[in-house]
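# Overview (structure and organization)
If you want the building blocks of each chain, they are given just below.
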Amino acid sequence: CDRSALVGRLRARGKDVLDLIHRLSTNKVDTLQPGQGAPTVLTDDRGRIVDLLVLMHLGSHVLVLTSPQTREKVIHWLDRFTFGEDITVEDETEATGMLTVVGPKAEALLRDAGLTAGGMHPFGCATDSLGGMEVALLRTDPLGLPGYDLVVPLATVSDARERLLAAGGSRVMVLDEGAWELLRVSRGVPAYGRELGEAYNPLEAGLVGAISFSKGCYVGQEVIARLDTYKKLQRRLVTLDFSPGAVVSPGDALEMEGKAVGLVTSVAALPQGRVVGLGYVRVGVLQPGLRLGVVGRG
């Protein structure tokens, strides 16, 4: 899948990059070494989500993956808290492309294309070469399956794509953005503007893997720690399975016994008429197999 337009890419340089982001975000990232990466969440002083980031330490710089809509927002957020630190952030989204190979045979395909993905752990990264082209190879598992991103200069995207297709042969299925969206929803992966944003906090969104509960202070830390310690979450992100052929839209209410208990945030109509989605539901009513009604906005 060509995800060039689906992921923001920032190049951060300077000796204080990791220290600054560590002090601003939820995860412990100050000790990342070249070849290592980690997810982390920028939160505001209310503990709400500014954006979910993935940091990749490529040696000469840290590649910061953002939501596509938040690139400028993330740059301004980092700049807001920079007071003399050695850090420079450039938006290289328009100057690069990103091709994603995902699935149980992803590593074998990359190996056949001449890339060295073998043994790369989740959130590992490396600089590599594909047919003489410079490639940043990242393992991000974006659908909860083995998945690798190739970040290349914009002028070489088509060539890189053709080399991957040639190496994969009949094993490869090319996904457009619409097909990727169906997979995202069916795999339960949250997206900014739907399940992520300033209306939600990381615990509600299920981003526990991007939170360190033992690190020092960061913006919003007190709120998130209190919610975790005292189990005060009011809602959680859940997967939804609708009646076959159901007409459902993001923003529709989820009801139980005539009372609103949640909200639909994403919907995907899959083959054979199956309709699935994501949404937030009040913690007080949650249980596996819970049946809810859907009420449209109109």
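For the structure itself, look to the data block above.
### Observations regarding the overall build of the protein chain
Counting its secondary structure elements, the protein chain contains six helices and 14 strands. For the protein chain, whose C-alpha radius of gyration is 20 Å, the value lies close to the compact-globule estimate of 19 Å for 298 residues. Taken over the C-alpha atoms alone, the protein chain extends approximately 60 × 50 × 30 Å along its principal axes. For the protein chain, the residues scored as buried account for 48% of the 298 residues in total. In the protein chain, the share of contacts with a sequence separation of at least 24, taken over all contacts with a separation of at least 6, comes to 64%. Here the protein chain has roughly 14,400 Å² of accessible surface; of this, 51% comes from carbon and sulfur atoms. Where the 32 positive side-chain charges of the protein chain centre and where its 35 negative ones centre are 6 Å apart.

### Quick look at helix α4 (residues 157-168)
The terminal C-alpha atoms of α4 lie 16 Å apart, and with 12 residues this matches the ideal 16 Å at 1.5 Å per residue to within 8%. Those residues of α4 that sit buried are Val157, Ala160, Leu164, Ala167 and Gly168. Taken end-on, α4 shows its buried residues confined to a sector of 95 degrees, consistent with a single buried face. Turned more than 90 degrees from where α4 packs its buried face, Ser158 and Ala166 sit exposed. In the core, the buried residues of α4 are packed alongside β6 (96-102), α3 (106-112), β7 (125-130), β8 (133-139) and β9 (147-153). Gly169, located one to two residues past α4, shows a positive phi value of around 55 degrees.

### Concerning the pairing of strand β12 (residues 259-269)
Strand direction decides the pairing type here: strand β11 (residues 253-256) and β12, joined by four bridges, are antiparallel. Each bridged residue has a counterpart across the sheet, and for Glu255 the counterpart in β12 is Ala260. The sheet contact formed by β12 and strand β13 (residues 275-282) spans seven bridges and is antiparallel. Across the sheet, Val267 pairs through a bridge with Gly277, a residue of β13. Two successive antiparallel strands, β12 and β13, enclose a turn made up of five residues, where Gln272 displays a positive phi of approximately 65 degrees.

### A word on the side chain of His61
Here His61 lies in the loop between β3 (49-57) and β4 (62-66). When residues no more than four places from it in sequence are discounted, the contact partners of His61 are Arg11, Ala12, Arg13 and Met56.

### Considering the pattern of salt bridges
Oppositely charged side chains can form a pair if their charged atoms are brought close together. Scanning all chains against the criterion turns up 20 salt bridges. Between Glu92 and Arg11 there is a salt bridge, and its shortest N-O distance comes to 2.9 Å. One end of the pair, Glu92, is in the loop between β5 (88-91) and β6; the other, Arg11, is in strand β1 (residues 8-13), with 81 residues separating them in the sequence. Through salt bridges with shared partners, one network takes in Asp19, Arg23 and Glu85.

### Thoughts on the side chain of Thr100
Among the structural elements, Thr100 can be located in strand β6. There is a polar contact of 2.8 Å between the side chain of Thr100 and the side chain of Arg3. There is a polar contact of 2.5 Å between the side chain of Thr100 and the side chain of Asp149. Other than its neighbours up to four places away in sequence, Thr100 contacts Cys1, Arg3, Pro142, Tyr148, Asp149 and Trp180.

### Brief notes about the packing of aromatic side chains
Inspection of every chain in the model, using the stated rule, returns two aromatic pairs. Their ring planes at 55 degrees and their centres at 5.4 Å tell us that Trp77 and Phe81 sit as a pair that is tilted. In this structure Phe81 comes out as partly exposed when scored by relative accessible area, which is 21%. Measuring from ring centre to ring centre gives 4.1 Å for Tyr200 and Tyr280, while their planes differ by 10 degrees; the resulting arrangement is stacked. Pair noted here: Tyr200 is in the loop between α5 (177-186) and α6 (221-229) and Tyr280 is in strand β13, with a separation of 80 residues, a long-range link. For Tyr200, a relative accessible area of 10% gives the class buried. Tyr280 sits in the buried class, given a relative accessible area of 3%. One cation-aromatic arrangement involves Arg80 over Trp77; the distance from NZ or CZ to the ring centre is 5.0 Å. The ring centre of Tyr280 lies 5.7 Å from the NZ or CZ of Arg235, which sits over that ring.

Calculation rules
- Residues numbered from 1 in each chain as written.
- Predicted model: local features only at pLDDT ≥ 70, side-chain atom pairs only at ≥ 80, totals over all residues.
- Heavy atoms only, no water.
- Helix = DSSP H or I, 4+ residues; strand = E, 2+ residues; numbered from the N terminus.
- Rg over C-alpha atoms; globule rule 2.2 N^0.38 Å.
- Buried < 20%, exposed > 50% of the residue type's maximum accessible area, 1.4 Å probe, protein only.
- Contact = heavy atoms within 4.5 Å.
- Areas by Shrake-Rupley, 256 points an atom, 1.4 Å probe, with all protein chains shown as cover.
- Lys, Arg positive; Asp, Glu negative; His and termini not counted.
- Charge placed at Lys NZ, Arg CZ, Asp CG, Glu CD.
- Expected span 1.5 Å × (residues − 1).
- Arc of directions from axis to C-beta.
- Pairing = 2+ DSSP bridges.
- Salt bridge = Lys/Arg side-chain N within 4 Å of Asp/Glu carboxyl O.
- Polar contact = N/O pair within 3.5 Å; in protein donor to acceptor, adjacent residues only side chain to side chain.
- Phe/Tyr/Trp six-rings, centres within 6.5 Å; stacked < 30°, edge-to-face > 60°.
- Lys NZ or Arg CZ within 6 Å of the ring centre and 35° of its normal.

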